[in-house]
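Close look at the chain arrangement
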Amino acid sequence: MSQRLVNWFKFASPASFYPLAGKMWPWFAAIGTVLAAAGLWISFFVAPTDFQQGEGYRIIFIHVPASWMSMFIYCVMAFWAAIGITFNTRLSGMMSSALAPTGALFAFLSLWTGALWGKPMWGAWWVWDARLTSELILFFLYIGYIALTAAIDDPRRADKAGAIISLVGVVNVPIIYFSVKWWNTLHQGASVSLTKAPSMAATMLWGMLIMALAFWMYSIAIALYRVRAIILERERHTAWVAELPEMQR
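For the structure given in this document, a descriptive report is provided here. Keep in mind the model is a prediction, meaning the values are calculated, not measured.

**Focus: the packing of aromatic side chains**
Scanning the entire structure with this criterion turns up 11 aromatic pairs. Measuring from centroid to centroid gives 6.2 Å for F108 and W112, while their planes differ by 55 degrees, and the two rings are tilted. Of this pair, F108 and W112 both sit in helix α4 (residues 90–122), four residues apart, roughly one helical turn. Members of the aromatic cluster, each reached through a chain of ring pairs, are F108, W112, F139 and F140.

**A short note on the packing of helix α3 (residues 60–87) against helix α5 (residues 130–151)**
Two elements in contact, α3 and α5, have axes separated by 11 Å at closest approach and are oriented at 45 degrees. Regarding the angle of α3 to α5, the classification is oblique. In this structure, α3 meets α5 at a crossing whose hand is left-handed. Contacts from S70, M71, I73, Y74 and M77 in α3 reach E135, L138, L141, Y142 and Y145 in α5. A class-by-class count of the residues in the contact of α3 with α5 yields eight nonpolar, one polar and one charged.

Conventions adopted
Residues numbered from 1 in each chain as written. Predicted model: local features only at pLDDT ≥ 70, side-chain atom pairs only at ≥ 80, totals over all residues. Heavy atoms only, no water. Phe/Tyr/Trp six-rings, centres within 6.5 Å; stacked < 30°, edge-to-face > 60°. Helix = DSSP H or I, 4+ residues; strand = E, 2+ residues; numbered from the N terminus. Axes fitted to C-alpha atoms, helices over the stretch in contact; angles between N-to-C directions. Parallel < 35°, antiparallel > 145°, perpendicular 65-115°, else oblique. Left-handed = near helix turned anticlockwise from the far one by under 90°. Contact = heavy atoms within 4.5 Å. Nonpolar A, V, L, I, M, F, W, Y, C, P; charged D, E, K, R; others polar.

Function cannot be inferred from these measures alone, as they are strictly geometric.
Here you go:
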């Protein structure tokens, strides 16, 4: 095994990852803030009015990136769960726990912004559409993960229980994504496709992609910030935490 690979493996230790996370999260937060400001400006002041939906369509600049992030974060949680079960690393469970509230937030935003868009477009706040129902299930999976891990006192047992939920529940992500293709649904198809040219104006597309990057940067920043708190809580009785200067906690 190369020396470089060994150096990367050292960050699997909470003691090594804690200072690294402390250095990284402010940068991601700053980048996310700049991108969010630019994305909101393009989305609400530069992008043209949709000829069919009018100004109401602009909610998609929040709704679509939030939906993407709700699915992506759950996949990342499943990745950490697999790493934790395979290599029995403590940091894996901590990272999943740090990501879950942010994923639940984005799932909640996806559902509510979708309802705000659906009322004027469909005439209803909610329909039991395949895409909406599977996204609601994803939100419940996040809540179930948070509730289950909080109910178990032993962190290692909580991490294993949470890992099982993450790995079992990740099957719902492709169901959400392909639901508009597999079933006849009210929900429109994918806004952006890797295999087709975009059907929206370039400024609309840029606004959506910049907002997606802003949400991504925010997710990384808040997860790193939250995992530091989790590390301190779980490692509070260790010597390395006791030796930390007050300014670094």
